[in-house]
Amino acid sequence: MTKAIASISKLGADEARVVKELKFKIQCRNTKITYDYNFGDRPQFESMKSITAIFAWAVYKRRNSVGHVTRLSVRDYFWNFLRFLDAQNFRHPSELNKDTLTLFVRWLKECASISYSTASSQFRGLSPYFKQMSKHPSVSPQFIPPRNAFPKASSLQSSDTGYDQNELKAIAQAAVSGMRDSMVKFHAEYKPRWLDKPPP
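Conventions and cut-offs
- Residues numbered from 1 in each chain as written.
- Predicted model: local features only at pLDDT ≥ 70, side-chain atom pairs only at ≥ 80, totals over all residues.
- Heavy atoms only, no water.
- Helix = DSSP H or I, 4+ residues; strand = E, 2+ residues; numbered from the N terminus.
- Buried < 20%, exposed > 50% of the residue type's maximum accessible area, 1.4 Å probe, protein only.
- Contact = heavy atoms within 4.5 Å.
- Areas by Shrake-Rupley, 256 points an atom, 1.4 Å probe, with all protein chains shown as cover.
- Salt bridge = Lys/Arg side-chain N within 4 Å of Asp/Glu carboxyl O.
- Core = buried A, V, L, I, M, F, W, Y, C linked by side-chain atoms within 4.5 Å.
- Phe/Tyr/Trp six-rings, centres within 6.5 Å; stacked < 30°, edge-to-face > 60°.
- Expected span 1.5 Å × (residues − 1).
- Arc of directions from axis to C-beta.
- Polar contact = N/O pair within 3.5 Å; in protein donor to acceptor, adjacent residues only side chain to side chain.

## Points about the overall build of the protein chain
In step 1: Counting secondary structure elements, the protein chain contains six helices and two strands.
In step 2: Reading the protein chain from its N end, one meets helices and strands in the order α-β-β-α-α-α-α-α.
In step 3: For the protein chain, buried positions account for 30% of its 200 residues.
In step 4: For the protein chain, the proportion of contacts with a sequence separation of at least 24, taken over those separated by at least 6, is 65%.
In step 5: Surface accessibility of the protein chain: about 13700 Å² in total, with carbon and sulfur atoms responsible for 53%.

This is the structure:
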């Protein structure tokens, strides 16, 4: 029991350190590699430090839910969220609510630098962390991402990346070879046979 209490206390201390320092380490459970994450290295977002701290806390809370590459992607998406907040002059966690996310969705859709499907991917990637942030005492519990914010986004994504030059060449050669075989068979003289015997 004492050990369990000590573990909970340590976890609480770790989370408090993340909020204060905006950085932490996470060891991959599979490879045992330790990765460093720093959310405090963007001076242009210093005025939104309190929001960044809660997002870093949310990432740390969900540390066992995703891998290293996903965390890096989500951090990049978060910088875009801070750009939105800066444009709206939002600076404090108390300003984060359901309406904030509705405005963010609209802002992403109107952003000329990213496609509709990319905007959808970014919002979808951030959504679990927004939900986690809504559990923080400084954020409204209504800070919940709206459902189906980007209708039909998946249908607009390409199902594959197409063929490269070598693949196209191989396909063309196979097609030509198939046509040649068909032409040989077409021009060959037809000799009917019945059960391997000459016709009657």
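## Examining the pattern of salt bridges
In step 1: In total, this model carries four salt bridges according to the counting rule given.
In step 2: Among the ionic pairs, Arg17 bridges to Asp14, the shortest N-O distance being 2.9 Å. Taken together, the residues Arg17 and Asp14, both in helix H1 (residues 2–21) and three residues apart, mark about one turn of the helix.
In step 3: Looking at Asp14, the relative accessible area reads 14%, which means it is buried.
In step 4: The shortest N-O distance in the salt bridge between Arg91 and Asp86 comes to 2.9 Å.

## A short note on the environment of Ser121
In step 1: Tracing the backbone through its elements, the reader meets Ser121 in helix H5 (residues 116–133).
In step 2: It is 9.3 Å that separates the C-alpha atoms of Ser121 and Tyr77, two residues lying 44 residues apart in sequence.

## Here we look at the nonpolar core
In step 1: Phe24, Phe39, Phe55, Phe81, Leu85, Phe130 and Met133 are the most contacted members of the largest nonpolar core, which totals 42 residues.
In step 2: Where this core is concerned, the elements lending two or more residues are strand S1 (23–27), helix H2 (49–61), helix H3 (68–87), helix H4 (98–110) and H5.
In step 3: Here this core gets nine residues from one element, more than from any other, and that element is H2.
In step 4: Aside from chain neighbours lying at most four places away, what touches Phe130 is Phe81, Leu101, Phe104, Phe123, Phe143 and Pro145.

## Here's the deal with the packing of aromatic side chains
In step 1: One pass over the structure, following the stated rule, counts 23 aromatic pairs.
In step 2: Relative to Phe39, the ring of Phe24 has its centre 6.0 Å away and its plane inclined at 25°; by these criteria the two rings are stacked. Note that Phe24 is positioned in strand S1 and Phe39 in the loop between strand S2 (34–38) and H2, a separation of 15 residues in sequence.
In step 3: With a centroid separation of 6.2 Å and 55° between ring planes, the pair formed by Phe39 and Trp79 is classed as tilted. Of the two residues, Phe39 is situated in the loop between S2 and H2 and Trp79 in helix H3; the sequence distance between them amounts to 40 residues.

## A short note on H4
In step 1: With 13 residues, H4 should cover 18 Å at 1.5 Å per step; its first-to-last C-alpha distance of 19 Å lies within 8% of that length.
In step 2: Buried within H4 we find Thr100, Leu101, Phe104, Val105 and Leu108. Take H4 and look down its axis: the buried residues cluster within an arc of 140°, on one side only. Exposed side of H4, more than 90 degrees from the buried face: Asp99 and Glu110 are the residues found there.
In step 3: Looking at the buried side of H4, the elements it contacts are H3 and H5.
In step 4: The N-cap residue of H4 is Asn97: its side-chain oxygen and the backbone nitrogen of Asp99 are 3.0 Å apart.

## Remarks on the environment of Ile54
In step 1: Topologically, Ile54 is positioned in helix H2.
In step 2: Sequence separation between Ile54 and Ser134 is 80 residues, and the spatial gap between their C-alpha atoms is 9.6 Å.
In step 3: In this view, Ile54 contacts Pro93, Met133, His136, Ser138 and Val139; residues no more than four positions away in its chain are not counted.

## Things to note about the side chain of Ser134
In step 1: Residue placement: Ser134 occurs in the loop between H5 and helix H6 (165–187).
In step 2: Judged by its relative accessible area of 11%, Ser134 falls in the buried class.
In step 3: Reaching out from Ser134, the side chain makes a polar contact with the backbone oxygen of Lys131 at a distance of 2.5 Å.
In step 4: When sequence neighbours within four positions are dropped, the list of residues in contact with Ser134 reads Val139, Ser140, Pro141, Phe143 and Ile144.

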